[in-house]
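Per-entry structural report
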Amino acid sequence: MTGPTLSPLLSLPGAVAGNGVDAPVAAHYGSFNTEQRTLESGEGFVDLSHHDVVRISGPDRLDWLHNLTTQFFTGLPPGVWTQALILSPTGHVEHELRGVDDGESFTAFTEPGASGPLLGFLERMVFMTRVEVTDVSADIAVTWRPDGTYHLVPRGQLEIFAEAAGPACGLWAFEALRIARGEPRFGLDTDHRTIPNEVGWVGTAVHLDKGCYRGQETVARVHTLGRPPRRLVLLHLDGSENRLPVRESELLLGDKPVGFVGTSARHHELGPIALGLVKRNVDLDATLTTDSMPAAQEMVVDPEIGLHVRSRR
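Numbers given to residues run from 1 along each chain, matching the order in which its sequence is written. Totals for whole chains, interfaces and linings use all residues, but because this is a predicted model, local features are given only for residues with pLDDT of at least 70 and pairs of side-chain atoms are given and counted only at 80 or more. Excluding hydrogens and water, the side-chain values take into account all heavy atoms of the structure.

1. Overview of the overall build of the protein
To keep it simple, the criterion reads: Put simply, DSSP H or I for four residues or longer makes a helix, DSSP E for two residues or longer makes a strand, and each gets a number counted from the N terminus. The rule is simple: take the accessible area with a 1.4 Å probe, protein chains only, and divide by the maximum for that residue type; under 20% is buried, over 50% is exposed, in between is partly exposed. In this description, contact between two residues means that some pair of their heavy atoms is separated by no more than 4.5 Å. For the purpose of charge, His is not counted, nor are the chain termini; Lys and Arg are scored as positive and Asp and Glu as negative. Taken as the charge centre is NZ of Lys, CZ of Arg, CG of Asp or CD of Glu, depending on the residue.
Counting its secondary structure elements, the protein contains 7 helices and 17 strands. Principal-axis analysis of the C-alpha atoms gives the protein an extent of 55 × 50 × 30 Å. The proportion of buried residues among the 313 residues of the protein is 53%. Looking at the protein alone, contacts between residues at least 24 apart form 64% of all its contacts between residues at least 6 apart. For the protein, the separation between the mean place of its 27 positive charges and that of its 40 negative charges on side chains is 5 Å.

Here it is as structure tokens:
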């Protein structure tokens, strides 16, 4: 795959580009606080066109995905969005994707830059099945509406979509609301040791009633016995400093490292917030420190049962 393509919506009035992996789209269009309120009111859309997009076609695609992933794909109706994971044999999350089937192919998006490793894995798993896997990032763009739905838009029609779906709201507003809901981003709020039970993906990306898949033993054992090794928390950061913590900064309890910080944002009501992954036995009432900032914890994943308990609305 070639490098990320800059979104044409960066030419909209007030658009300011993001940074890091999110640089190809707008961080905001003038006021990320106003844009958060717009999204919370049910209006507008968010440009996620920097995400990689893959397409899996062929008559065996759904059964093939059913066997490879944590999700129940067999019989998936057209038009129904779903999230799935691919795990290591020991249950660690290696790939994450969200997509929809149209009756002929399943089209899914991943994090920016993640399609290469995902395609490499999928291509090795094709064997004799009637499946074809392609990268369609150059042709398809992802957008999000505040009703919680994603939309796949032909990249050449993104500006037409924006005219009909506006007002455009930037990624900073989207990220603030996502973090407040306690929804992690793969590779940014997770690491190579993450299992689904730690970050609230059981029940959404992991279907508990399907048959065997790679890594199932770990997920099922932790789901049955509870007490995952770590848990996702919402961090309320000290707002006295006009900055956010560096991603992957250690979370400290006193001088002892107990986890790390993932993504962070400024929420229009909650103030500066972040997601963190901490050891299960850390007291939820304990104030942690990260990047020299105090951070109070709020439960996202219950440390005893390993399930997401924060409202996703």
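2. Some details on the pattern of salt bridges
Our working rule: Salt bridges are defined as contacts in which a side-chain nitrogen from Lys or Arg sits within 4 Å of a carboxyl oxygen from Asp or Glu.
Applying the stated criterion across every chain yields a total of 17 salt bridges. Note that Arg 310 is salt-bridged to Glu 298, the shortest N-O span being 2.4 Å. Highlighted residues: Arg 310 in the segment after β17 (293–299) and Glu 298 in strand β17, separated in sequence by 12 residues. Overlapping salt bridges, with partners in common, bring together Asp 22, Glu 111, Glu 175, Arg 178, Arg 185 and Asp 189 in one network.

3. Things to note about the environment of Thr 190
Heads up, the rule is: For this analysis, a polar contact is any N or O atom pair within 3.5 Å, provided that within protein one partner can donate a hydrogen and the other can accept it, and provided that sequence-adjacent residues contribute only side-chain to side-chain pairs.
Along the chain, Thr 190 falls in the loop between α5 (171–181) and α6 (196–199). Separated by 73 residues in the primary sequence, Thr 190 and Thr 263 place their C-alpha atoms 9.8 Å from one another. At a separation of 2.8 Å, a polar atom in the side chain of Thr 190 contacts the main-chain amide nitrogen of Gly 187.

4. A look at unusual backbone geometry
Most peptide bonds adopt trans geometry, and most residues besides glycine take a negative phi value. That bond from Gly 166 to Pro 167 is cis: its omega, 5°, falls within 30 degrees of zero. With respect to the element layout, Pro 167 can be found in the loop between α4 (158–165) and β11 (168–169). The phi angle at Phe 127 is positive, at roughly 50°, despite the residue not being glycine. With respect to the helices, strands and loops of the structure, Phe 127 is situated in the loop between α3 (115–124) and β8 (132–135). Exposure remark for Phe 127: the relative accessible area of 64% places this residue in the exposed category. With phi around 70°, Ser 292 is a residue other than glycine that occupies positive phi space. Note that Ser 292 resides in the loop between β16 (288–290) and β17.

5. Some thoughts on the nonpolar core
Quick note on the threshold: To form a nonpolar core, buried Ala, Val, Leu, Ile, Met, Phe, Trp, Tyr and Cys residues must be joined to one another through side-chain atoms within 4.5 Å.
Membership of the largest hydrophobic core comes to 23 residues, with the highest contact counts inside it found for Leu 85, Trp 201 and Leu 232. Looking at this core, the elements that each hand over two or more residues are β5 (81–87), α5, β12 (230–237), β14 (256–267) and β15 (271–279). Other than its neighbours up to four places away in sequence, Trp 201 contacts Gln 83, Leu 85, Val 93, Glu 96, Pro 184, Phe 186, Thr 190, Pro 196 and Val 206. In this structure, Leu 62, Phe 73, Ala 84 and Phe 121 belong to the second largest nonpolar core, which totals 20 residues.

6. Examining the sheet that holds strand β10 (residues 150–154)
We count it as follows: The pairing criterion for strands is at least two bridges between them, as found by DSSP.
The 4 strands lie next to each other as β10-β9-β3-β11, forming an open sheet whose pairing is mixed. Each of the sheet's edge strands pairs with one partner strand only, and the pair in question is β10 and β11. Pairing geometry for strand β3 (residues 45–47) and β11, over 2 bridges, is parallel. Its bridge partner lying in β11, Val 46 is registered against Cys 169.

7. Description of the sheet that holds strand β6 (residues 93–101)
Think of a sheet as strands paired side by side through backbone hydrogen bonds, with each pair either parallel or antiparallel. Filter applied, for reference: Axis definition: a line fit to C-alpha positions, over the contact stretch in the case of helices; interaxial angles, taken between N-to-C directions, run 0 to 180 degrees.
With antiparallel pairing, the 5 strands of this open sheet are ordered in space as β5-β6-β7-β4-β8. The sheet is open, and its two borders are formed by β5 and β8, each paired with just one other strand. The mean inter-strand angle of the sheet, taken between neighbouring strand axes irrespective of direction, is 30°. Across 4 bridges, β6 lies against strand β7 (residues 105–110) in antiparallel orientation. Note on β7: the bridge partner recorded for Asp 101 is Phe 106. Of the strands in this sheet, β4 (52–57), β5, β6, β7 and β8 are in contact with helix α2 (residues 61–68), which crosses β4 at around 120°. Lying over the sheet, α3 contacts β4, β5, β6, β7 and β8, oriented at roughly 165° with respect to β8.

8. Some remarks on the packing of helix α1 (residues 32–40) against α5
Defined as follows: The scheme is simple: roughly parallel for angles under 35 degrees, roughly antiparallel for over 145, roughly perpendicular for 65 to 115, oblique for anything else. A crossing counts as left-handed when the near helix is turned anticlockwise from the far one by less than a right angle, and as right-handed when that turn is clockwise. Polarity classes work like this: nonpolar for Ala, Val, Leu, Ile, Met, Phe, Trp, Tyr, Cys and Pro, charged for Asp, Glu, Lys and Arg, and polar for all others, with Gly in that last group.
In contact at an axis separation of 8 Å, α1 and α5 are set at 60° when each is read in the N-to-C sense. Between α1 and α5, the interaxial angle falls into the category oblique. Both α1 and α5 take part in a crossing whose hand is right-handed. Contact with α1, carried on its side by Phe 32, Glu 35, Gln 36, Leu 39 and Glu 40, involves Trp 172, Ala 173, Phe 174, Ala 176 and Leu 177 of α5 and no other residues of that element. Along the lines of polarity and charge, the residues of the contact of α1 with α5 split into 7 nonpolar, 1 polar and 2 charged.

9. Details of the packing of aromatic side chains
Note the following rule: For Phe, Tyr and Trp, where Trp contributes only its six-membered ring, two rings pair if their centres lie within 6.5 Å, and the inter-plane angle classes them as stacked under 30 degrees, edge-to-face over 60, or tilted in between.
This model, assessed by the stated rule, comprises 7 aromatic pairs. With centroids separated by 5.5 Å and ring planes inclined at 80°, the aromatic side chains of Phe 32 and Trp 172 adopt a geometry described as edge-to-face. Of this pair, Phe 32 sits in helix α1 while Trp 172 sits in helix α5, placing them 140 residues apart in sequence. A relative accessible area of 21% means that Phe 32 is categorised as partly exposed.

Taken by themselves, the reported measurements are silent on function.
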